[in-house]
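A closer look at the structure
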Amino acid sequence: MADSFKSILLVDDDLTLREMYTERLKAEGFTVQTAKDGEEAIQMATETKPNIILLDIMMPKINGLDVLKKLKEQEETKAIPVIVLTALIQDREKMESITRGADDYIVKSEMMPGEVIQKVKALLNHDPDETAKPEASPAPQ
Amino acid sequence: MSTEQAILTLIVTICVFLSLVSFFRGDPQRGSRSFGLMSLAAGLWALITFFEEEAIQFHVKPLLVSLDFSLALAISTFFFTFSYHLVFRKSLLEKKWLAASYVTGVTGIALLCFTPLVISGVRDINGSNIDIDTGNLFTLYASVLALNFLTGIYFLVRTYLRSKGQERSQLMYVTLGLFISITIALATNLILPEILQVSSIVLRIGIYSMIFFLASTTIAITRHGLFDIKVLATQLFVALLLLAMLGRALTARGTLDLVFELFLLILSSIFGYFLVKSVQSEIARRREIEKLAQERIETLKELEQRNKNLAALQKVSKLVLNQIEMKPMIQAILDEIPKQFESCNGALLNLVHGGHLAAYAISSNEFTKKIYGMVGSDIERYSYPIKKGFNLLHDTLIDKQIKESTRVSDFICPPIAKPIAATIQGLMGMKYIISVPLFAGKEPLGVMMFVYRVPKEQLLDKDVEMAVAISDETSLAIQRAYAFQQLKDANEYLADLDKLKDEFISIASHELNTPLAAVEGYLSMILDENMGKVDDKARMYLTRAYDSSKRLAELILDLLNVSRIEQGRVKMKFAKVNLYDLAESVLHELQVKADAKKLGLKLDANKAKVPETWCDPDRIREVIVNLVGNAIKYSDKGGITIRLSSEAGRLRCEVIDTGRGISEADQKKLFQKFSQVKREIDEHQGTGLGLYISKNFVELHKGRIWVESEEGKGSDFIFELPILAEAPEKIDGAILEGPLSAPKIVLRDKRPPAAVTASARKAE
């Protein structure tokens, strides 16, 4: 319901992926805007203030992490939740640093579009339905 | 005889004596003959000038005056030749034309003294005193006289300043005495009478002033051994004594007396002979001793200098050792050179680069700025192909010889312009320059040029030796610096290569995964989420395509892992981990797959009893995933158990299945690359890399992995890890990234696409 009027800014340098995610997101009822590089992303985010941003990490020119930093620094954009996307499975450790600014992350080749939708919804609704499976507790601090 | 006459006699006698001694006993090399003649002339002059003012017949006096003047001229001439001889160590007569004209001129003027041109008249004043009127050429006479004396004094003083030791003392007295006597005599007998009427006493002062000369010469003789007077005196004395004894013998009365006198005579002769001999030998010995003493002083000085040189060389060596970078090291050496060696005030180093000789650096000193101003501070641009005859620096290299010159232009022009080179030479006061070739075996390294502020004659062999020694040091240093530079370059190249490799892996995985994500994504949307309409056949085909793309994803991941393993570039990040948590998360992930094949999957462990350890959780998790995945793949019935245990400082994880088991032959091939047990039914082909990667991951932890299995009876894959109390500092074959300071476990529930409710959580 409320989802239908939510707007998403999708940032990825690859055209094919942009088309695919846009397709899926639109099918879910979201309004989708796309940006193909960091500069565009910051500009559009500042101007249009989407409800959520999907941000690719590995981009030419401005790196995704720098974009994330900028977004979180700017008054206008810091409240917008950001999900970072990465193609590199190896980058798990990078996830750590990303999560300092990002609100969630997705490994593109592991997560199917359907799952991406779930993550987006969860973040937008703070959906309590997304129950966690019995998690292993972290090691004592 | 009056007092005056007595003094005169004394003066004249001593003059004559002095002249005889000088003539016969003096060192002709040092102008003793001229000295003797000068003394003789001086004595005669004193005698004649005395009688000018005496009460004698007047008509003699003009002759006396003429003689006076000409003798004075003679004195000055002999004085001049004497001092000339001292300075140039050879007689004036050797320069035939000069001598001839000089002698002719002087003789001419002397003769003129007998004509009215110099002395126009002599007048009697009061019977004994006279008055002299000078003629037209008197000025000429006086000038020549003065010139002789002045030049003589100049030469004497110059020689005095240059001499050392005993000779110095001798010369001092002689010069001083002569100077005083001549000055007074000239003043009283030549200058003053011209200006005003003087009494005869004043004129006599001129004569008496000769006492200074005589006295000082005597001192020089007796105290400083000017002539071999001691031996002469002894000889004279002995001769006189023997003569006296002979006289007595001859006048002896009676045979007894005669015999006695003769006996005494013979004894005295023998004694006299030995006396003379001993005096001679003593003189000789003393000379020896003095010579030795002098030599010793010089040797000590030389040793001191050598010590200084060695210390300097040591300092330079230290500089070489302290620096590895070429430019600062070379500059330090060059700057040190003028500090350590007084006569050398700078050096220039040129280096060989691919057939060119180029300037490299010069010593820093007060003139460096000006020099840079003239030639430009980027002296490296003065680089020219090595060619014979280009300049002395190039020749040094080609001939492999030290070159020398008094002009720096020979070394640096071309390419520097000659006027600039001359300016630099003047600025630094260069008197002598050498260039030394630097070689490493047969290979030319460069040329080092040293500039000195003293002429070659004043340099010692040691100075040049030092220059060569420093050049050798510099050669070694340059070789070392080159080697170091090569090493540095090689390392930088390797570092760049590594970076490229990492970039390649990143790019490869990114580039490969991106289109794959698109393929999988669309297929998932169709197949999992039923977006778009497909009929059953299309659905079947698409499903197969989907499965293939998933295999492709796995393969890419495995290949990237293998690539990293092979290059030793696996990134590992250690954290404090409880294996129980890892095993549990694997369980969640693979539960669905197990369910699909109706296999049981359980974790057999007590979390409290599982010790924590430091390991890379992501890698170990992958190992467990791989083992459990394999178990599921190769089992058709029964169940799979993950068992955790520990003993003796090692953590053990077992994945036990009830599958088909593995034959011994196959077991051997298991952990190798691309090994797979052949099966008839292939439902899901793996990459054959899983166990290879797992083995590597376990071994990077210094653990062990193996299998216990029997064909038909199931398999037990086991790996063990050492329990670590803290993160290791380094891992061979992997890149260790900083351990996570706050323990974090990344748990991701990786569900197969069918389970749409999957989500990833992070536990913090």
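In this text the structure is predicted, and so the values were computed from the model without any measurement.

Description of the overall build of chain A
The helix and strand tally for chain A stands at five helices and five strands. Its helices and strands in sequence order give chain A the pattern β-α-β-α-β-α-β-α-β-α, from N to C terminus. Residue burial in chain A is summarised as follows: out of 141 residues, 55% are buried. When contacts within chain A are restricted to residue pairs at least 6 apart in sequence, long-range pairs at least 24 apart make up 60% of them. Roughly 6,300 Å² of accessible area belongs to chain A as shown, and the carbon and sulfur atoms make up 50% of that amount.

What about the overall build of chain B?
From N to C terminus, chain B includes 21 helices and 19 strands. By residue count, 46% of the 764 residues in chain B fall in the buried class. Taking the intrachain contacts of chain B between residues at least 6 apart in sequence as the baseline, contacts between residues at least 24 apart amount to 67%. Accessible surface computed for chain B: about 40,100 Å², of which carbon and sulfur atoms make up 61%.

A short note on helix α3 (residues 64-73) of chain A
All names here are of chain A. Those residues of α3 that sit buried are G64, V67, L68 and L71. Down the axis, α3 shows its buried residues gathered within 100° of arc, on one side only. At the N-terminal end of α3, a side-chain oxygen is found 2.8 Å from the backbone nitrogen of L65, two or three residues along, and the residue is N63.

As for the sheet that holds strand β16 (residues 715-722) of chain B
Residues and elements named next belong to chain B. Reading across from one edge, β11-β13-β14-β16-β15 is the order of the five strands in this open sheet, with mixed pairing throughout. Where the open sheet ends on each side, the last strands, each with one partner, are β11 (600-604) and β15 (704-709). Direction aside, the axes of adjacent strands within the sheet are offset by 15° on average. Across eight bridges, strand β14 (residues 650-657) lies against β16 in antiparallel orientation. Bridge pairing in β16 places V655 opposite F717. Packing against the sheet, helix α18 (residues 579-596) makes contact with β11, β13 (639-647) and β14, and its axis sits at approximately 175° to β11.

A closer look at the confidence of the model for chain A
Averaged over all residues, the pLDDT of chain A equals 79, while 77% of them reach at least 70. Here residues 127-141 of chain A is modelled with pLDDT under 50, and outside its nearest four sequence neighbours on either side it reaches 31 contacts, counting other chains as well.

Things to note about the nonpolar core
Residue and element names in this part refer to chain B. With 56 residues, the main nonpolar core has W45, F69, L73, F79, Y141, L145 and L178 as its most contacted residues. Mapped by element, the contributors of at least two residues to this core are α1 (3-25), α2 (32-52), α3 (61-88), α4 (96-112), β1 (119-124), α5 (138-162), α6 (166-195) and α8 (210-224). With 14 residues, α3 is the single largest residue contributor to this core. When neighbours within four sequence positions are excluded, L178 is seen to be in contact with M38, F79, F82, L156 and F213. Counting residues in hydrophobic clusters, the runner-up holds 51 residues, among them M572, A631, F671 and F717.

Side note on the sheet that holds strand β3 (residues 344-353) of chain B
Residues and elements named next belong to chain B. Strand order in this open sheet of six strands is β5-β4-β3-β8-β7-β6, and the pairing throughout is antiparallel. Each edge of the open sheet carries a strand with a single partner, namely β5 (383-385) and β6 (403-405). Each strand of the sheet is rotated relative to its neighbour by a mean of 25°, with strand direction disregarded. As paired strands, strand β4 (residues 356-362) and β5 are joined by three bridges and run antiparallel to one another.

With respect to the pairing of strand β5 (residues 104-107) of chain A
Residues and elements named next belong to chain A. Here β5 shows two buried faces, one formed by D104 and I106 and the other by Y105 and V107. Pairing between strand β4 (residues 82-86) and β5: four bridges, direction parallel. Note that in β5 the partner of I83 across the bridge is D104.

Section: the pattern of salt bridges
All names here are of chain B. By the definition in use, this model includes 33 salt bridges over all chains. As a salt-bridge pair, R621 and E589 come within 2.6 Å of each other at their nearest N and O atoms. Residue R621 is found in helix α19 (residues 617-633), and its partner E589 is found in helix α18; the two are separated by 32 residues along the sequence. Of the residues examined, R621 reaches a relative accessible area of 12% and is grouped as buried. E589 sits in the buried class, given a relative accessible area of 6%. For the salt bridge of D616 with R619, the shortest nitrogen-to-oxygen distance reads 3.9 Å. With respect to burial, D616 and R619 carry one shared label: buried.

Let's talk about the confidence of the model for chain B
Residues and elements named next belong to chain B. Predicted confidence across chain B gives a mean pLDDT of 82, with 92% of residues reaching 70 or more. Of the regions scoring below 50 in pLDDT, residues 740-764 engages in 59 contacts with residues more than four places distant in sequence or in other chains. Two numbers describe this predicted complex: its pTM, 0.45, and its ipTM, 0.79.

Comments concerning a nonpolar patch on the surface
All names here are of chain B. Together, V16, L20, F23, F24, L37, L40, L44, L47, F51 and I56 make up a nonpolar patch on the protein surface, roughly 790 Å² of accessible area in all. Elements represented by at least two residues in the nonpolar patch include exactly α1 and α2. In this fold, L37 is placed in helix α2.

Concerning the packing of aromatic side chains
Residue and element names in this part refer to chain B. Considering all chains together, one arrives at 13 aromatic pairs over all chains under this definition. Ring plane angle 35° and centroid distance 6.2 Å describe the contact between F80 and F155, whose orientation is recorded as tilted. Remark: F155 occurs in helix α5 and F80 occurs in helix α3; sequence separation between them is 75 residues. The pair F80 / F155 is uniform in exposure class, with both members buried. By the ring-pair criterion, three or more aromatic residues cluster together here, those being F80, Y84, Y102, Y154 and F155. Directly above the ring of W706 sits R704, whose terminal nitrogen or CZ lies 4.0 Å from the centroid.

Some thoughts on the packing of helix α12 (residues 368-375) of chain B against helix α15 (residues 418-428) of chain B
Between two packed helices, the angle of one axis relative to the other and the distance separating the axes together describe the packing. All names here are of chain B. At a minimum axis separation of 11 Å, α12 and α15 run at an interaxial angle of 175°. By the angle between their axes, α12 is roughly antiparallel relative to α15. Contacts between α12 and α15 pair K370, I371, M374 and V375 from the former with I420, T423, I424, L427 and M428 from the latter.

A closer look at the packing of α3(B) against α4(B)
Residues and elements named next belong to chain B. At their nearest, the axes of α3 and α4 sit 9 Å apart, and the two run at 160° to each other. With respect to each other, α3 and α4 are oriented roughly antiparallel. Once α3 is placed against α4, the crossing between them reads as right-handed. Between α3 and α4, the contacting residues are S70, L73, T77, F80 and T81 on the first element and Y102, V106, I109 and A110 on the second. Among the residues forming the contact of α3 with α4, the class breakdown is six nonpolar, three polar and no charged.

Section: the side chain of B:T368
Residue and element names in this part refer to chain B. Within the fold, T368 resides in helix α12. Using a relative accessible area of 9% as the deciding quantity, one classes T368 as buried. A polar contact is formed between the side chain of T368 and the backbone oxygen of S363, at a distance of 3.3 Å. Each residue touching T368, except ones within four places of it in the same chain, is listed here: I362 and S363.

Looking at a negative patch on the surface
All names here are of chain B. On the surface, a cluster of negative charge is contributed by E288, E295, E298, E302 and D461. Broken down by element, the residue count for the negative patch peaks at four residues, all from helix α10 (residues 255-322). Along the chain, E302 turns up in helix α10.

Calculation criteria
Position numbers for residues start from 1 in each chain and track the written sequence from start to end. A letter from A marks each chain and a number from 1 marks each ligand, given out in the order of writing. Only residues with pLDDT of 70 or above have their local features reported here, since the model is predicted, and side-chain atom pairs are shown and tallied only from 80 upward, although totals for entire chains, interfaces and linings are computed over all residues. Water and hydrogen atoms were dropped before computing side-chain values, which therefore reflect all heavy atoms in the structure. Strands here mean DSSP runs of E at least two residues long; helices mean DSSP runs of H or I at least four residues long; both are numbered from the N terminus. Using a 1.4 Å probe on the protein chains alone, a residue whose accessible area is under 20% of its type maximum counts as buried, one over 50% counts as exposed, and one in between counts as partly exposed. Any two residues whose heavy atoms approach within 4.5 Å are treated as being in contact. Each accessible area is a Shrake-Rupley estimate made with a 1.4 Å probe; only the visible protein chains count as cover when residues are assessed. Here the arc refers to the set of directions running from the helix axis out to each C-beta atom. Polar contact is defined as a pair of N or O atoms within 3.5 Å, subject to the rule that within protein one atom must be able to donate a hydrogen and the other to accept it, and that residues adjacent in sequence are counted only when both atoms are side-chain atoms. Pairing between two strands requires that DSSP report at least two bridges joining them. Lines fitted to the C-alpha atoms define the axes, with helices restricted to the stretch that makes contact. Angles between their N-to-C directions range from 0 to 180 degrees. As a per-residue measure, pLDDT reflects the predictor's confidence and takes values from 0 up to 100. As used in this record, nonpolar core signifies buried Ala, Val, Leu, Ile, Met, Phe, Trp, Tyr and Cys residues forming a set joined through side-chain atoms within 4.5 Å. By salt bridge we mean one thing: a side-chain nitrogen of Lys or Arg within 4 Å of a carboxyl oxygen of Asp or Glu. By definition, no residue in a patch forms a salt bridge, and every one has over 30% relative accessible area; like charges are joined within 9 Å, nonpolar side chains (Val, Leu, Ile, Met, Phe, Trp, Tyr) within 5 Å. Under the pairing criterion, centres of Phe, Tyr and Trp rings, with the six-membered ring standing for Trp, must be within 6.5 Å; the plane angle then separates stacked pairs below 30 degrees from edge-to-face pairs above 60, leaving the rest tilted. Our definition puts a charge over a ring when NZ of Lys or CZ of Arg is within 6 Å of the ring centre and also within 35 degrees of the ring normal. Should an angle lie under 35 degrees it is considered roughly parallel, over 145 roughly antiparallel, and from 65 to 115 roughly perpendicular; all remaining angles are considered oblique. Rotating anticlockwise by less than a right angle from the far helix to the near helix defines a left-handed crossing, while the corresponding clockwise rotation defines a right-handed one. Residues were grouped as follows: Ala, Val, Leu, Ile, Met, Phe, Trp, Tyr, Cys and Pro as nonpolar; Asp, Glu, Lys and Arg as charged; and all remaining residues, including Gly, as polar. Within this scheme the basic residues Lys and Arg register as positive and the acidic residues Asp and Glu register as negative, but His and the chain ends are omitted. Charge positions come from single atoms, namely NZ of Lys, CZ of Arg, CG of Asp or CD of Glu.

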